[in-house]
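# Coordinate inspection notes
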Amino acid sequence: MKAGAFAYARASSLAEVFDLFERYGGEAKILAGGQSLIAALNMRLATPALLIDINGLPDLAGVVVSGESVRIGALTRHRSVERSAEIARHLPLIHQAMPHVAHAAIRNRGTFGGSIAYADPAAELPACSVALDATFRIAGKSGERRVRARQFFKGLYETDMRAGEVLLGGEFRALQPGYRSAFLELTRRHGDYAIAGVAAHGKFKGGRFADVRLAFFGIGAMPVLAVSAGEALEGNRYAPDTVAAVQSAVSADLQAGASGDLYHGAATKLHLARVLAGRAVHALTGA
Ligand SMILES: Cc1cc2nc3c(=O)[nH]c(=O)nc-3n(C[C@H](O)[C@H](O)[C@H](O)COP(=O)(O)OP(=O)(O)OC[C@H]3O[C@@H](n4cnc5c(N)ncnc54)[C@H](O)[C@@H]3O)c2cc1C
């Protein structure tokens, strides 16, 4: 199928983006890397009257480290994030996740902001952002606001973004002493969207876990922070009964929101989540 007719505008400033949004109302869509949007247009899942191309706004791209804060601009290509030495050093969870985001050709064009705004339930970067307790910067005609990742994802391809807003980027806290990350996912072929995955981040010091966040993806409509699984780890040592407690907490945390896809039922996904939880907890020990 071919896309329906639409107008195209390449914006040269954010002000121009907001003006275009105002003129076209809800009929305009941002075009970033186009890796998800163009497919949606061709399948007529989206029929916007106008595409606002933001690729002429270089200020939206790049990784900036300032003190303990790491900012990833919305227009930063997946490839740049994957190859960034700053990301490898300060955000090892994202560094581990990047090779799993689609295939190299898609990573060359796809953007950080596109992944976050599109909010595919099986995508890697939304889950990493939840596990790292990131904050997203969002701008509209009336100014800028910030939303924590765990409040940003609302449902299937649904986010807190409002009509006429642009995602500017994400802000993360750089890796702190004693903290480790583990990223695991299961796919039929490398580069596919995950059947099930987990982004894990937390402290393992003096043989005990603290402040561990396990964010699962591919299990339901959006990334889910397994809160009681984190509580089951708090202050505990790595041991079979700790792992068993975490796995049973994962079931409780994910059960209500779990749903199947074309190939795997909800029960299979929950089983895989428990398996991944066990592996992630082990990986966080660094052993
Ligand atoms: C075959 C294939 C396999 C893939 N596999 C994976 C995978 O395994 N994991 C994964 O995470 N992704 C995967 N993707 C998607 C890929 O990562 C895309 O790059 C990403 O989802 C969208 O990024 P984009 O820059 O291309 O966004 P676009 O396609 O340009 O836009 C996507 C949506 O986000 C909106 N948008 C984009 N940027 C902004 C912004 N700054 N502010 C507000 N709204 C914005 C657009 O309006 C649109 O609705 C795959 C894609 C393909 C084609």
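So, here is what we can say about the structure in this document. (Residues numbered from 1 in each chain as written. Predicted model: local features only at pLDDT ≥ 70, side-chain atom pairs only at ≥ 80, totals over all residues. Heavy atoms only, no water.)

### Side note on the sheet that holds strand 7 (residues 143-148)
Spelled out, the test is: One bridge is not enough; two strands pair if DSSP finds at least two bridges between them. Starting at the N terminus, helices and strands are each numbered in turn, a helix being any DSSP run of H or I of at least four residues and a strand any DSSP run of E of at least two. Under this scheme, a helix contributes an axis fitted over its contacting stretch, all axes are lines through C-alpha atoms, and angles between N-to-C directions fall in the 0 to 180 degree range. Residues count as neighbours in contact if any of their non-hydrogen atoms are within 4.5 Å of one another.
The strand order 4-5-10-6-7 describes an open sheet built from five strands, whose pairing is antiparallel. Looking along the sheet, the strands with just one partner apiece sit at the ends: strand 4 (63-66) and strand 7. When strand polarity is set aside, the average angle formed by the axes of neighbouring strands in this sheet is 25°. Pairing of strand 6 (residues 135-140) with strand 10 (residues 166-173) involves five bridges; the strand directions are antiparallel. Within the sheet, the bridge partner assigned to Thr135 lies in strand 10 and is Glu171. Taken strand by strand, helix 1 (residues 14-24) contacts strand 6 and strand 10, and its axis lies near 130° from that of strand 10.

### Description of the site of the ligand
Under the convention used in this document: By convention in these notes, a residue is near a molecule or strand provided one of its non-hydrogen atoms lies within 4 Å of it. In the analysis that follows, any N or O atom pair within 3.5 Å is treated as a polar contact, provided that within protein one partner can donate a hydrogen and the other can accept it, and provided that, for residues neighboring in sequence, both atoms belong to side chains. What sets the accessible areas is the Shrake-Rupley method with a 1.4 Å probe; for residues, cover comes only from the shown protein chains.
Residues in contact with the ligand amount to 31 residues; listed here are only the nearest, Ile30, Gly34, Leu37, Thr111 and Glu124. In this structure, Leu37 approaches the ligand through a main-chain N or O atom, which is 2.7 Å from an oxygen atom. One nitrogen or oxygen atom from the main chain of Gly191 is found 3.3 Å from an oxygen atom belonging to the ligand. Protein burial of the ligand: of its 970 Å² of free accessible surface, 88% is covered by the chains. Among the secondary structure elements, those contributing two or more residues to the shell around the ligand are strand 2 (28-31), helix 7 (112-118) and strand 10.

### Brief notes about unusual backbone geometry
Backbone geometry places Arg44, a non-glycine residue, at a positive phi of 55°. Notably, Ala102 is not glycine yet its phi reads approximately 50°, a positive angle.

### A look at the nonpolar core
Our working definition: Residue types Ala, Val, Leu, Ile, Met, Phe, Trp, Tyr and Cys, when buried and joined through side-chain atoms within 4.5 Å, form a set referred to as a nonpolar core. Throughout this description, buried means an accessible area under 20% of the type-specific maximum (1.4 Å probe, protein chains only), exposed means over 50%, and partly exposed covers the range between. Throughout the structure description, domain borders are defined by an automatic or database domain assignment.
Ile72, Leu91, Ile94, Ile116, Phe136 and Phe172 are the most contacted members of the largest nonpolar core, which totals 36 residues. For this core, the secondary structure elements donating two or more residues are strand 5 (69-73), helix 5 (92-97), helix 7, helix 8 (124-131), strand 6, helix 9 (149-152), strand 10 and strand 13 (208-217). With five residues, helix 8 is the largest single contributor of residues to this core. Structurally, this core is a two-domain feature, drawing no fewer than three residues from each of domain 2 (63-173) and domain 3 (182-284). Those residues in contact with Phe136 that lie beyond four places of it in its chain are Phe112, Ile116, Ser129, Arg145, Arg146, Val147, Ala149, Phe152, Phe153, Leu167, Gly169 and Gly170. Formed by 29 residues, the second largest nonpolar core is a distinct cluster that contains Ile195, Phe209, Ala232 and Ala273.

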